[in-house]
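Residues per chain are reported as follows:
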Amino acid sequence: DKTKTGVEIFVGVSPALTYRTLTVNDGIFGQPLGQRVDEKPMWSVGYNLGVRTTLAKGFKLEIGAGYESNKEKYDFESSDSIYRYTNNYHSISIPIKLAYTYGDQIKFYGALGIVPKGFISMTKRETVLDINNKESLIKSRERDGYNLFLLDATASIGTQIKLSEN
């Protein structure tokens with residue numbers, strides 16, 4: 001019989017309502033926010049996989065790799081004009097968490113950590129009225145002008161259910 005080593009492999013899907021906080025830069029080069037002040041958050045999904053290993057009774061270290069995206073949208077419509085856009089920011093991530101579990105068959109799970117991320121690109125979908133007054137969709141991908149390295153804080157809570165001894 002093999003006994004459990006204490007190393008767990010996990011796969012995750014993380015839905016998130018994502019947004020950024022925008023403020024006007026009061027410095028000499030500050031510019032007004034313009035239409036960005038009316039942007040709205042959107043739901044996005046991230047995917048990750050990784051391993052957890054026991055550090056001490058109840059404490060685990062969790063390290064993984066993943067893909068994450070953040071989205072926002074803007075929508076303007078009048079009798080003779082339409083301008084809508086959706087920005088989707090793509091990045092790869094390496095979540096690192098310290099987790100605590102309590103219980104036996106059903107465990108409480110809580111974790112805190114950081115998520116270093118590498119920026120991949122931003123895709124933009126714009127909808128405007130063309131010369132014939134029909135909606136036209138413009139798709140673009142940008143890579144320049146963005147921070148290539150990002151650092152997020154993360155917190156997780158949940159339960160773990162023991163299905164068997166292993």
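As a reminder, the structure under discussion sits directly above these lines.
J.: Is there a simple way to think about unusual backbone geometry in this case?
T.: Where the residue is not glycine, phi is negative for most of them; where a peptide bond is considered, it is trans in most cases. Within the chain, Asn133 stands out as a residue other than glycine whose phi angle is a positive 65 degrees. We classify Asn133 as exposed; its relative accessible area is 57%.

J.: So what exactly am I meant to see when it comes to the pattern of salt bridges here?
T.: Pairing of side chains with opposite charge becomes possible as their charged atoms draw close. Counted under the stated rule, the structure contains nine salt bridges. Glu8 is the salt-bridge partner of Arg52, the closest N and O atoms lying 3.2 Å from each other. A residue pair is termed long-range when its members are at least 10 positions apart, and Arg52 in strand β2 (residues 40-56) and Glu8 in strand β1 (residues 7-18) qualify at 44 residues. Of the two residues, Arg52 and Glu8, neither departs from the other in class, the shared state being buried.

J.: Got a minute to help me understand the packing of aromatic side chains in this structure?
T.: To describe a pair of aromatic rings, one takes the distance between the centres and the angle between the planes. According to the stated counting rule, one finds six aromatic pairs in the structure shown. Relative to Tyr100, the ring of Phe59 has its centre 5.0 Å away and its plane inclined at 55 degrees; by these criteria the two rings are tilted. Pair noted here: Phe59 is in strand β3 (residues 59-77) and Tyr100 is in strand β5 (residues 96-103), with a separation of 41 residues, a long-range link. Since its relative accessible area comes to 33%, Tyr100 is described here as partly exposed. Here a set of aromatic residues connected by ring pairs shows up, and it is made of Tyr74, Tyr83 and Tyr85. In this arrangement the basic side chain of Lys124 is found over the ring face of Tyr85, its NZ or CZ atom lying 4.5 Å from the centre.

Definitions and cut-offs
- Residues numbered from 1 in each chain as written.
- Predicted model: local features only at pLDDT ≥ 70, side-chain atom pairs only at ≥ 80, totals over all residues.
- Heavy atoms only, no water.
- Buried < 20%, exposed > 50% of the residue type's maximum accessible area, 1.4 Å probe, protein only.
- Salt bridge = Lys/Arg side-chain N within 4 Å of Asp/Glu carboxyl O.
- Helix = DSSP H or I, 4+ residues; strand = E, 2+ residues; numbered from the N terminus.
- Phe/Tyr/Trp six-rings, centres within 6.5 Å; stacked < 30°, edge-to-face > 60°.
- Lys NZ or Arg CZ within 6 Å of the ring centre and 35° of its normal.

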